[in-house]
Amino acid sequence: MRSSVQSLHRARAPALRAAGKRQIFGMAYTLAKKMMPPISSTEKAALESGGIGFERTFFEGGGKLTVLTTKYDPKLSAREQAYFDRELHDLCEMLDDHAIAEARDLPAEVWQHLRTKGFFALKIAPEWGGMGFSAYAVSKILRKIQSISPNCGATVAVPNSLGPGELLTGYGTDAQKANYLPRLANGELIPCFALTAPHSGSDAASMHEANGVVRKSASGKLEIVASFKKRYITLAPVAGIVGLAFNLQDPEGLLQGTGKEGITIALLERAHPGLVIGRRHDPAGNAFMNGTVEGADVTIPMDALLGGQDKAGMGWLFLMEQLSEGRGISLPAGATGGAAAAAVAVGAYARLRQQFRVPIAEMGGVQEHLARLAGNALVCTASSDLLASMVDNHESPTVLSAVLKQQATERARQSVTDAMDVMAGAAISRGPNNLLYSGYNMTPIGITVEGANTLTRSLIIFGQGVTRSHPHLYDTMKTLTAKDDPKGFSRELKNMVSHTVTTSISSMGRSVSSSLSALSAPSPQTGKVAATSTVDAKAVAHYEAQLMRLASTFAATTNFSLLLGGALKREEMVSGRLADALSSLYLGYATLWYCAHPERANVTGLGTLMHYSMRGLLQETQSALDGVASNFPIAPVRPAMALVAARALGATYRVPDDKLIQAAASTITNDTGVWQMFQQDVHFPSDSAARMTMLRDWMPRAIEADALGKSIKREKREPTREEAAFIASVDAARDSIVQVDAFDELGAVASKEGYVRPALRPYLPEVAAETITKKRAAAAN
């Protein structure tokens, strides 16, 4: 009897276990559906726009550097190089950003050059009269313009970023393309795009102040009547065509399935009835055109909608796909050009400028700034080149575009701040010879536009990244948004658990292996040999191993963070730190990809600067992941996160030490391959007396003169006539370079004939000098 009962239990055991599992997964499914926040149509469009790029490897647990080195190798075509040598060079020669700032506008000849030479149509295809350049070429063009005139850089960036040209090429009707693209290409139409509104800034999809309603005209045709109030629209004051985003409503169902309600884009020319355009904002005193686009009860015909009536309601999808590319090219290009110019100029200035009879380049406090300048210039250049190459490979790296926008503009902000600290008074005295103030003044613009950096870091980078690029999350979310799919949820949940276990084990294992590899890793060259150090393949392999370790930790930490469910959207400090980790991983891989390229094998100083930059990025990644683990809202999960990081088993990444900081600084205060490499993104005026050109030309001579002076002193002799003349010429150049601009008068009022400064006008004291002392003393008592 007992054996029969036991046999019965054994027979029923699998069914009972299966039932138990179904019950557990059923409870998990019910709980997960409750935790899952609703996804709006605009969120869904954002999630499904663009493509999945290299960032997926971070969520999978780490990728091989060869994926990048064998796939991406950006180069300028012969036609693009010719444009650099002629049209771009001629433009840069025309630019004086101080004069532009004073006039609050570009000169007429500059506008003419921009329009006739295709600067507003760099990405429009040649079949429509545009230049048809690669994303890499556009990035390089914007960097060089930024190095000489940030105001002109902003003016050129916008039409080649988020503008009607890009949108028309991708989604316009044949008639719209034929009408507008050639007129954009020949400069007849200057474009702008009207998205932001007073109550729809970072939350642009809300479209509170831009609404349109479908109605029938008197003739029976469908049309739209729209009212809108847009602000912060770059080029709006001079635009000939406006891309207008608004929320379309169809309360009477007149569309009848041809198009739909939702965010829609219309193309309106400047003379369109009811369109009010031309007023200017004053963005931090910068001169680029920026202003308002408004209209009340403006009639818009259906054929003015981008893509026609069929594409009504699809505007947000269009914007997400186009904005990701522009965000990853234009703003980072400006930031990279500014960072490169600062590294070149300030490195040379620090060598030429002397205090206490010593070049300030040799002072430790200054070297800290110089090292960051060099490191940020390298990281920005590498990551911008890589993302442009991805775009040219017909990818749409939505997440990495957000990463690069936020990181490049933040690092450019750090760079210009460091540069100001080094150049001090020469950096704050405005005038034609000031190389920094325009960039410093423009910095807040890049930080706040196309997704303010705070929003981009805390919500977009990780939020969109984990949803799009995690190998299992989006599929899991789809099972939860489906009406009833517990079986699919069970499958995806098992995949998530398996992935968590795999990445956790990988993180701990790589912690050990990376620590062992660190024992044999080459050390950075410091001291006098730092400026001649080239990239070592063993060092590249070592840093790749460290990145793979941290990528595994990031993947496992991400999986643990998903226990928060929908609450993760509200835990912005957690998602911000995860965004920092993801960003630093991308920048690290990009830096290795750039440094490992064969054409940079002999760039002197690059080996040292790579060590400095990579150590900083590793430490940033580690710090971000530590911050997630120590602050995670679910306290019992924190020990698991710490265990996965396996700090006790692996290397701890520290910031660069003093010797490496000094070595990194030396790569831009000497005539190294690194210093020359950064010059590729900087314009040097043909006028030999121009400040940037003088810094380039005289820094090597100053090094030679300083060495000669030391040799003469050591040999206890008088210089020869030729030596004395050479040293004197360098001293004269030093004297010229440290001078700052001064003006007889400043301000429009002061330029009027007969003007006398108020403080110099006749003054009649209320109290005579001989009695003031007694009177004030008595009052004090």
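Right above here is the structure, for reference.
The text that follows walks through the structure, step by step, so that each part is easy to find.

About the thresholds
Residues numbered from 1 in each chain as written. Predicted model: local features only at pLDDT ≥ 70, side-chain atom pairs only at ≥ 80, totals over all residues. Heavy atoms only, no water. Helix = DSSP H or I, 4+ residues; strand = E, 2+ residues; numbered from the N terminus. Polar contact = N/O pair within 3.5 Å; in protein donor to acceptor, adjacent residues only side chain to side chain. Contact = heavy atoms within 4.5 Å. Phe/Tyr/Trp six-rings, centres within 6.5 Å; stacked < 30°, edge-to-face > 60°. Buried < 20%, exposed > 50% of the residue type's maximum accessible area, 1.4 Å probe, protein only. Pairing = 2+ DSSP bridges. 1 Å grid on protein atoms, 1.4 Å probe; cavity = no way out; pocket = protein on both sides within 12 Å on 5 of 7 lines; lining within 4 Å. Points joined across faces, edges and corners; volume = space filled by probe spheres on them. Expected span 1.5 Å × (residues − 1). Nonpolar A, V, L, I, M, F, W, Y, C, P; charged D, E, K, R; others polar.

Considering the side chain of Asn 290
No. 1: With respect to the element layout, Asn 290 can be found in strand S7 (residues 290-301).
No. 2: Polar contacts involving the side chain of Asn 290 include one to the side chain of Thr 234, which spans 3.0 Å.
No. 3: The residues touching Asn 290, leaving out its near neighbours within four places in the chain, are Tyr 232, Ile 233, Thr 234, Leu 235, Pro 237, Arg 279, Arg 280, His 281 and Pro 283.

Re the packing of aromatic side chains
No. 1: On inspection of all chains with the given rule, the structure shows 11 aromatic pairs.
No. 2: For the ring pair Phe 462 and Phe 554, a centre distance of 6.4 Å and an interplane angle of 90 degrees mean the geometry is edge-to-face. With a gap of 92 residues between them, Phe 462 in helix H17 (residues 453-469) and Phe 554 in helix H20 (residues 537-561) connect regions that are remote in the sequence. Taken individually, Phe 462 and Phe 554 each receive the classification buried, so the pair is uniform in this respect.
No. 3: Ring pairing ties together the aromatic residues Phe 54, Phe 58 and Tyr 589, which thus form one cluster.

Thoughts on the pairing of S7
No. 1: Here strand S3 (residues 222-234) pairs with S7 via nine bridges, running antiparallel. Residue pairing across strands places Glu 223 opposite Pro 301, the latter belonging to S7.
No. 2: Inspection of the sheet shows strand S6 (residues 276-280) paired to S7 by three bridges, in the antiparallel sense. The partner of Arg 280 across the bridge, within S7, is Gly 291.

Thoughts on the layout of surface pockets
No. 1: Roughly 780 Å³ of volume is contained in the second largest pocket.
No. 2: Lining the second largest pocket are 29 residues, with Arg 351, Pro 359, Glu 362, Asn 670 and Lys 710 sitting closest to its centre.
No. 3: Looking at the lining of the second largest pocket, the elements that each hand over two or more residues are strand S9 (358-359), helix H24 (658-666), helix H26 (691-714) and helix H27 (721-737).
No. 4: The dominant element in the lining of the second largest pocket, judged by the number of residues it contributes, is H26, at six residues.

Some remarks on H20
No. 1: Taking 1.5 Å per residue, 25 residues should reach 36 Å; H20 reaches 36 Å between its end C-alpha atoms and fits that length.
No. 2: Across the 25 residues that make up H20, a large majority, 21, are buried.
No. 3: Its side-chain oxygen 2.8 Å from the backbone nitrogen of Lys 538, Asp 536 forms the N-cap of H20.

Overview of empty space enclosed by the protein
No. 1: Tallied over the full model, the rule gives two cavities of 30 Å³ or more.
No. 2: Taken as a whole, the second largest cavity spans an internal volume of roughly 30 Å³.
No. 3: Along the walls of the second largest cavity sit Ala 426, Ser 429, Asn 433, Asn 434, Arg 691, Gln 739, Val 740 and Asp 741, which together make up its complete lining.
No. 4: Its residues assigned to classes, the lining of the second largest cavity shows two nonpolar, four polar and two charged.

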